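Residue strings, one per chain:
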Amino acid sequence: MIVSTSQQPVTKLVNENKECILDVLEKTKDSDWVLTPEGSLSGYRENQTHTHNNPDYAPALKEVENYLIKNQRNMLLGTGHVESDGLPWNQIRVYNKGQFGGAYAKRLPCMNMQYYGGELFSYCTGDQPYYYYLDNKRKIIASSLICNDIWAFPKVSPMGNPYFYRQFKANHVQVVFCAVNCNNDHGFDQLIYEWHENHLRLFSREFDMYTIVSGATTSMDSKEEVNYTQCPSGIIGPDGEWIEKCKDNGADIATAELKL
């Protein structure tokens, strides 16, 4: 099974994001599954009912979905999405041969230890995992996490880390797809980079799973391009080693064949 993950810009402009996603899909035609970063279509904390309902979002999503259906593609799409009940969620939407199967919603939104702010003003909080099959024989089980779900960064995670990989192991998950958006405008921090990378690698090894990571090349604050990444993108094997790793800045795609 061939899997690709994209390290790409996540801007405020939905149509720019859409064109980037379609370009990634064109460049990964031989891949069985493709993953994009947190908020890759909507923009991070941009297209939410709490702020404004972006009129470009629904047509852009429809165009991406039409491409997936026409080309029978499998995709994990990171995006902020307002469901039919009017509630906004930070999601990874799962498409199998172009058909929408379901979505995972972020369970550990970032919040300041002194007040319940941050992502809680933009998204509802997910409360359960989402499992799906990667193969037609329905044997290979995968699941998803979004950014802080993985490492529960201390300053913005007052309840600590519930270690979702333990839950995945109990449910026979073999592959975890992680959509990330964690660069900021304060510049590169080596210690934070290592915190992110070490969690990804150690969880992969300790729970014997592949971890696929897709991150943004832009700042989650200003949405402008930055010349560093605070979390590496790529594909980690069950031994905790990188199989393929994107470069540490700028747009890139990592592709690998998983032995499942």
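Throughout what follows, the structure given in this document is the object of discussion. (Residues numbered from 1 in each chain as written. Predicted model: local features only at pLDDT ≥ 70, side-chain atom pairs only at ≥ 80, totals over all residues. Heavy atoms only, no water.)

## Re the nonpolar core
What counts is decided by this rule: Among the buried residues, those of types Ala, Val, Leu, Ile, Met, Phe, Trp, Tyr and Cys that are joined through side-chain atoms within 4.5 Å form a nonpolar core. Think of it in three bands: residues with accessible area under 20% of the maximum for their type are buried, residues over 50% are exposed, and the middle band is partly exposed, with areas taken using a 1.4 Å probe on protein chains only. Segments assigned H or I by DSSP are reported as helices when at least four residues long, segments assigned E as strands when at least two residues long, and all are numbered from the N terminus. Any two residues whose heavy atoms approach within 4.5 Å are treated as being in contact.
Of all hydrophobic cores here, the largest spans 44 residues; its most connected members are L145 and F177. Counting residues per element, this core draws most heavily on strand 8 (residues 173-179), at six residues. Here F177 is in contact with V3, W33, L35, L76, I92, Y132, L134, A142, S143, S144, L145 and I212, once residues within four sequence places are set aside. Of all hydrophobic cores here, the second largest spans 16 residues; its members include V14, I21, Y67 and L68.

## Quick word on the sheet that holds strand 4 (residues 88-96)
By definition, the strands of a sheet pair up through backbone hydrogen bonds, in either a parallel or an antiparallel sense. For clarity, the threshold we go by: Only when DSSP finds a minimum of two bridges between them are two strands counted as paired. To define axes, lines are fitted to C-alpha atoms, for helices over the stretch in contact only, and angles between the resulting N-to-C directions are given on a 0 to 180 degree scale.
Strands sit in the order 5-4-3-2-1-12 across an open sheet of six strands; the sheet is mixed. Two strands bound the open sheet, and with one partner strand each, they are strand 5 (99-105) and strand 12 (252-257). Along the sheet, successive strands turn relative to each other by an average axial angle of 30 degrees, direction set aside. Strands in contact with helix 1 (residues 14-27) are strand 1 (2-7), strand 2 (33-35), strand 3 (75-82) and strand 12; relative to strand 3, the strand with the most contacts, it is inclined by about 170 degrees.

## Let's talk about empty space enclosed by the protein
Selection criterion: Here a cavity denotes a set of grid points, spaced 1 Å apart and computed over the protein atoms alone, in which a 1.4 Å probe fits but from which it cannot get out, and a pocket denotes an open set meeting protein on both sides within 12 Å along at least five of seven lines; residues with an atom within 4 Å of a point are reported as lining. Grid points are joined across faces, edges and corners, and a volume is the space filled by probe spheres set on the points. When residues are grouped by polarity, Ala, Val, Leu, Ile, Met, Phe, Trp, Tyr, Cys and Pro land in nonpolar, Asp, Glu, Lys and Arg in charged, and all others, Gly among them, in polar.
For the coordinates displayed, the defined rule picks out one cavity of 30 Å³ or more. As a volume, the largest cavity reaches approximately 30 Å³. If you trace the largest cavity, you find it lined by V180, N181, C182, N183, G215, A216, T229, Q230 and C231. Of the residues that constitute the lining of the largest cavity, the class distribution is four nonpolar, five polar and no charged.

## What to know about the state of the cysteines
Selection rule: When two cysteine sulfur atoms lie within 2.5 Å, the pair is treated as a disulfide.
In the structure shown here, the tally under the stated rule is zero disulfides. Residue C178 stays outside any disulfide, its sulfur separated by 8.4 Å from that of C231, the closest cysteine. Judged by relative accessible area, C231 falls into the buried class, the value being 4%.

## Description of the pattern of salt bridges
Stated formally: Basic side-chain nitrogens of Lys or Arg form a salt bridge, by our definition, when they fall within 4 Å of a carboxyl oxygen of Asp or Glu.
For the structure shown, the criterion picks out 10 salt bridges. The shortest N-O distance in the salt bridge between E63 and K18 comes to 2.9 Å. Of the two residues, E63 sits in helix 2 (residues 57-71) while K18 sits in helix 1, which places them 45 residues apart along the sequence. Assessed through its relative accessible area of 35%, E63 is described here as partly exposed. Of the residues examined, K18 reaches a relative accessible area of 8% and is grouped as buried. For K27, the salt bridge is made with D23, and the minimal N-O distance between the two is 3.1 Å.

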